[in-house]
Amino acid sequence: MITGKNYVGNELSAKGGITYSTFDPKLNIPTEWNFHEATDEEINTAAEKAKSAFKAYRNTSGIQKADFLIAIAEEIENLGDVLIRVYIQESGLPEGRAKGERGRTMGQLRAFADLLKEGSWVDATIDTAQPERQPLPKTDIRKMLVPKGPIVVFGSSNFPLAFSTAGGDTASALAAGCPVIVKSHPMHAGTGELVASAIIRAVERTGMPDGVFSNLNSSGIEVGQKLVMHPNVKGVGFTGSIRGGTALYQLANERKEPIPVFAEMGSINPVVALPGALGENGGLWAKSYAGSITLGAGQFCTNPGLLLGIKGNELDAFASILGKEIEKIEPGCMLHPNIYSGYEKGKEELSSQSETQIVASIDTEAPPNYGKQRILMVDGSDFMANPKLHQEVFGPFSILVQCEDINELEKVIDQLEGQLTGTILGNEEELQSYGPIAEALRNRVGRLIFNGVPTGVEVCPSMQHGGPFPASTDSRFTSVGTSAILRWVRPVSYQNWPQQALPDALKDDNPLDIMRLVNGRHTTSKI
Ligand code: NAP
């Protein structure tokens with residue numbers, strides 16, 4: 001049942017008078033639920049509870065934390081069809097996507113549970129003492145990763161499950177040993193409350209401390225700002241717009257004690273289509289890209305918003321087939337009227353730039369909130385001269401940039417802002433002969449793709465989802481895959497510390513049986 005209340009630790013709470021509803025974009029009407037915006041008192045209680053929960057939770061074993069994450073996955077599954085119904089109602093996304101995203105969310109939680117059970121992620125590094133060393137003896141030093149403290153998570157609009165309440169940020173922070181306060185996304189607060197109730201049931205089932213998780217509602221920016229400014233909070237995870245992510249990053253840096261904000265923000269995901277690949281398989285690539293650009297009404301951070309090629313017959317043929325394929329696809333419902341109007345505004349703003357021409361556009365009537373796809377074309381020199389054309393248009397939209405030659409193509413890539421992904425469509429000989437292009441692309445992105453589409457982000461240890469600014473605020477880290485845990489920890493060295501007082505990960509007899517770097521060699525052996 002959806003109550004519209006906040007979870008302040010394990011307690012449902014509705015102390016404030018300000019309420020708001022979520023919205024059904026398909027029916028174009030508000031939903032039946034009213035959510036109570038969190039008050040200052042509720043924000044403060046959640047932060048105090050998180051601080052006190054941290055004292056117990058940071059010392060919870062990897063196995064206990066793993067059991068907690070598995071229990072969250074089970075409780076999400078136990079929510080059954082009601083979760084799927086509310087998800088669809090609040091997002092306009094189809095049932096298959098809802099179920100797929102639920103599976104991904106549970107899979108992420110279980111992947112972190114496996115990481116914790118294996119245990120080596122704490123990066124235990126041991127340099128034993130050398131009392132005989134000359135001219136000075138060396139003392140025993142041992143280092144490992146420890147959790148930072150309570151983390152605030154801002155769920156995304158476009159992934160109501162996998163990047164929201166129990167999504168990758170929450171799962172990785174809880175796995176690291178950090179309590180989490182979620183600032184619920186206002187567009188899917190009902191979905192968020194259901195998932196929060198599952199987390200609280202898991203907290204109670206596995207005996208985790210009250211305050212290890214809270215879920216606070218808000219329909220404006222104040223609750224999030226107050227959470228980021230709260231002295232008990234030690235880090236922030238965010239997925240959303242460049243504007244929102246940058247504002248929170250600046251706020252966190254203005255604190256008396258600045259804290260890191262790991263924001264995953266905008267990206268237009270350049271795709272370089274080389275002539276050989278287009279000559280051999282241009283039709284297939286055009287069809288595949290028409291699907292990728294319109295997938296989920298284009299509402300993916302990895303949506304291919306920029307197609308780059310070299311002028312010639314191959315690119316002309318590709319553009320023509322892409323246009324036909326794009327126009328065959330029915331527009332999809334977008335997440336919310338605000339996302340829809342943002343899309344229409346961005347699309348028209350870029351289309352009105354005099355250098356652009358339309359390759360394909362759906363301009364027929366569609367139901368309210370349905371995003372009608374469009375592809376524009378522009379010359380490389382015009383693209384470089386007009387920064388407006390580099391903006392992300394969040395929706396089923398892409399710009400095809402025609403370059404004169406490889407030199408211009410390289411210049412265009414060099415001038416791009418940081419991106420999550422960069423793709424090359426080519427044959428293997430082209431990858432050799434266009435080497436500087438691949439190099440230039442690597443300099444701008446977090447994930448390089450060869451002959452594929454950027455949409456679809458595998459959850460696995462080798463995934464990098466994050467890139468140079470503004471794709472993310474810290475390109476050293478990923479928000480997808482098990483390495484995402486590294487955002488919420490810091491290294492601590494123990495110097496000359498007695499054996500029995502060391503954490504298990506650093507003890508001589510290696511009771512956790514983990515891989516460690518001992519005197520420069522990776523080993524699971526005892527010392
Ligand atoms: P958003 O506006 O960035 O908001 C995300 C979350 O951050 C919301 O909970 C929002 O709270 C909060 N927030 C935003 N600005 C804030 C600020 N200055 N201070 C404190 N909190 C702030 O993104 P959205 O609502 O999810 O979607 C809007 C646009 O973001 C989309 O149209 C799209 O352009 C972009 N977007 C991009 C990606 C991507 O991966 N590239 C993903 C999702 C969205 P309130 O809503 O309560 O104000």
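The shown structure was predicted, so the numbers you read here are calculated from the model rather than taken from an experiment. (Residues numbered from 1 in each chain as written. Predicted model: local features only at pLDDT ≥ 70, side-chain atom pairs only at ≥ 80, totals over all residues. Heavy atoms only, no water.)

Draft legend 1. The domain arrangement of the protein chain, seen in detail. Assigned domains of the protein chain: these are domain 1 (6-13 + 31-119 + 138-265 + 478-487) and domain 2 (270-450). Listed per partner, the contact involves ten residues of domain 1 and ten residues of domain 2. The contact between domain 1 and domain 2 buries some 930 Å² in all, and 66% of this surface belongs to carbon and sulfur atoms. Contact with domain 2 buries surface across domain 1, with Asn158, Met187 and Glu264 losing the most and accounting together for 43% of the total. For the interface between domain 1 and domain 2, the tally reads zero salt bridges. Joining domain 1 to domain 2, the criterion identifies one residue pair in polar contact (both at pLDDT 80 or more). Tallied by class, the residues present in the side of domain 1 that touches domain 2 amount to three nonpolar, four polar and three charged. (Domains from an automatic or database assignment. Contact = heavy atoms within 4.5 Å. Buried area = accessible area lost by both parts, 1.4 Å probe. Salt bridge = Lys/Arg side-chain N within 4 Å of Asp/Glu carboxyl O. Polar contact = N/O pair within 3.5 Å; in protein donor to acceptor, adjacent residues only side chain to side chain. Nonpolar A, V, L, I, M, F, W, Y, C, P; charged D, E, K, R; others polar.)

Draft legend 2. Summary view of the pairing of strand β11 (residues 261-264). The side-chain alternation of β11 yields two buried faces, one formed by Val261 and Ala263 and the other by Phe262 and Glu264. Strand direction decides the pairing type here: strand β10 (residues 235-239) and β11, joined by four bridges, are parallel. Paired with Gly237 across the two strands is Phe262, which belongs to β11. (Buried < 20%, exposed > 50% of the residue type's maximum accessible area, 1.4 Å probe, protein only. Helix = DSSP H or I, 4+ residues; strand = E, 2+ residues; numbered from the N terminus. Pairing = 2+ DSSP bridges.)

Draft legend 3. The arrangement of the site of the ligand in detail. The environment of the ligand is formed by 25 residues, the closest being Ser157, Lys183, His185, Ser241 and Cys301. The contact in question runs from an oxygen atom of the ligand to an N or O atom on the side chain of His185, over 3.0 Å. The contact in question runs from an oxygen atom of the ligand to an N or O atom on the backbone of Gly220, over 3.0 Å. In isolation the ligand offers 860 Å² of accessible surface; the protein chains occlude 87% of this area. (Near = heavy atom within 4 Å. Areas by Shrake-Rupley, 256 points an atom, 1.4 Å probe, with all protein chains shown as cover.)

Draft legend 4. The packing of helix α2 (residues 62-78) against helix α6 (residues 189-205), seen in detail. Across the interface, α2 lies against α6 with an axial gap of 8 Å and an inter-helix angle of 135°. Classified by the interaxial angle, the pair formed by α2 and α6 is oblique. Crossing angle aside, the handedness with which α2 passes α6 is right-handed. Listed contacts from α6 to Phe68, Ala71, Ile72, Glu74, Glu75 and Ile76 of α2 are Val195, Ala198, Ile199, Arg201, Ala202, Val203 and Arg205. By residue class, the composition of the contact of α2 with α6 is nine nonpolar, no polar and four charged. (Axes fitted to C-alpha atoms, helices over the stretch in contact; angles between N-to-C directions. Parallel < 35°, antiparallel > 145°, perpendicular 65-115°, else oblique. Left-handed = near helix turned anticlockwise from the far one by under 90°.)

Draft legend 5. Structural detail: the sheet that holds strand β21 (residues 489-495). Sheet architecture is open: five strands sit in the order β21-β6-β5-β22-β23, paired in mixed fashion. Edge strands, defined here as strands with exactly one partner in the open sheet, are β21 and β23 (521-523). The mean angle between the axes of side-by-side strands here comes to 25°, regardless of whether they run parallel or antiparallel. As judged from the three bridges shared by strand β5 (residues 125-127) and strand β6 (residues 141-147), these two strands associate in the antiparallel manner. Following the sheet pairing, Asp127 is matched in β6 by Ile141.

Draft legend 6. Focus on the packing of aromatic side chains. Inspection of the entire model under this criterion finds nine aromatic pairs. Measuring from centroid to centroid gives 5.6 Å for Tyr494 and Trp497, while their planes differ by 70°, and the two rings are edge-to-face. Each member of the aromatic cluster is reached from another via a ring pair, and the members are Phe159, Phe163 and Phe300. We note Arg58 situated over the ring of Phe54; from NZ or CZ to the ring centre the distance is 5.0 Å. Sitting above the plane of the Phe159 ring, Arg97 keeps its charged end 4.7 Å from the centroid. (Phe/Tyr/Trp six-rings, centres within 6.5 Å; stacked < 30°, edge-to-face > 60°. Lys NZ or Arg CZ within 6 Å of the ring centre and 35° of its normal.)

Draft legend 7. Spatial organisation of helix α15 (residues 435-442). Those residues of α15 that sit buried are Ile437, Ala440 and Leu441. Each buried residue of α15 sits inside an arc of 100° when the element is viewed along its axis, so together they form one side. Where α15 is buried, its residues touch β12 (270-273), α13 (406-415), β19 (419-425) and β20 (445-450). (Arc of directions from axis to C-beta.)

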